[in-house]
Amino acid sequence: MTDAPYALADLHPAGKLMGLDLGTKTIGVAISDSLRMAASPIETIKRTKFTADAERLLTLIEKNNVTGIVMGLPLNMDGSEGPRAQSARAFVRNLKQKTNLPIVFWDERMSTMAVTRTMLEADLSRAKRAEVVDKLAASYILQGALDRLRND
């Protein structure tokens, strides 16, 4: 799932990508390796104000030499967009004013559910699941985009 003006093919052909899972209270962050083979969860940002959230993301972008961003787009199960998708689009519109990096959307339906199921199978405690679910969801989102890039 992509959104104008950028599609996955428009991402810089090399370098690390950042994956984001935007929630109402947190932002899960993942980074790929420079060969774009694997996504690794790196941080969960506790959301405060957009400016502070964006500054933390920009710091992580610079620190990790990120060349593009993959933002999870939380579509409804029927593919339509609800308030959460609109919120993600608004966040990206604002973030684009602070960075020239290409930002693409990726359909994130089922990402949190898939990650939660995996953690339950691993018998992680509820507290530990809550602590890591967002950054793992970001990693899941980014890995889906990486897999698509490799197979196109």
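Residues numbered from 1 in each chain as written. Predicted model: local features only at pLDDT ≥ 70, side-chain atom pairs only at ≥ 80, totals over all residues. Heavy atoms only, no water.

So, the pairing of strand 3 (residues 39-46)
Reasoning step 1: Pairing of strand 2 (residues 26-32) with strand 3 involves seven bridges; the strand directions are antiparallel. When the sheet's bridge partners are listed, Thr 26 is paired in strand 3 with Lys 46.
Reasoning step 2: Hairpin connection, strand 2 to strand 3: the antiparallel pair is bridged by six residues, and Arg 36 has positive phi, about 60°. (Pairing = 2+ DSSP bridges. Helix = DSSP H or I, 4+ residues; strand = E, 2+ residues; numbered from the N terminus.)

Comments concerning unusual backbone geometry
Reasoning step 1: Although it is not a glycine, Arg 36 adopts a positive phi angle of roughly 60°.
Reasoning step 2: Its place among the elements puts Arg 36 in the loop between strand 2 and strand 3.
Reasoning step 3: A positive phi is found at Asn 65, a non-glycine position, where the angle reads about 55°.
Reasoning step 4: Secondary-structure assignment places Asn 65 in the loop between helix 1 (50-63) and strand 4 (66-73).
Reasoning step 5: Using a relative accessible area of 58% as the deciding quantity, one classes Asn 65 as exposed. (Buried < 20%, exposed > 50% of the residue type's maximum accessible area, 1.4 Å probe, protein only.)

A closer look at the packing of aromatic side chains
How two aromatic rings sit relative to each other is given by the distance of their centres and the angle of their planes.
Reasoning step 1: All chains considered together, the criterion is met by one aromatic pair.
Reasoning step 2: Residues Phe 50 and Phe 91 carry aromatic rings whose centres are separated by 5.2 Å and whose planes lie at 75° to one another, so their mutual orientation is edge-to-face. Here the residue Phe 50 occupies a position in helix 1, and Phe 91 occupies one in helix 2 (residues 83-95), the gap between them amounting to 41 residues.
Reasoning step 3: In this structure Phe 50 comes out as partly exposed when scored by relative accessible area, which is 23%.
Reasoning step 4: Residue classification places Phe 91 among the buried positions, given a relative accessible area of 4%.
Reasoning step 5: Above the ring of Phe 105, the side-chain terminus of Arg 89 is found at 4.8 Å from the ring centroid. (Phe/Tyr/Trp six-rings, centres within 6.5 Å; stacked < 30°, edge-to-face > 60°. Lys NZ or Arg CZ within 6 Å of the ring centre and 35° of its normal.)

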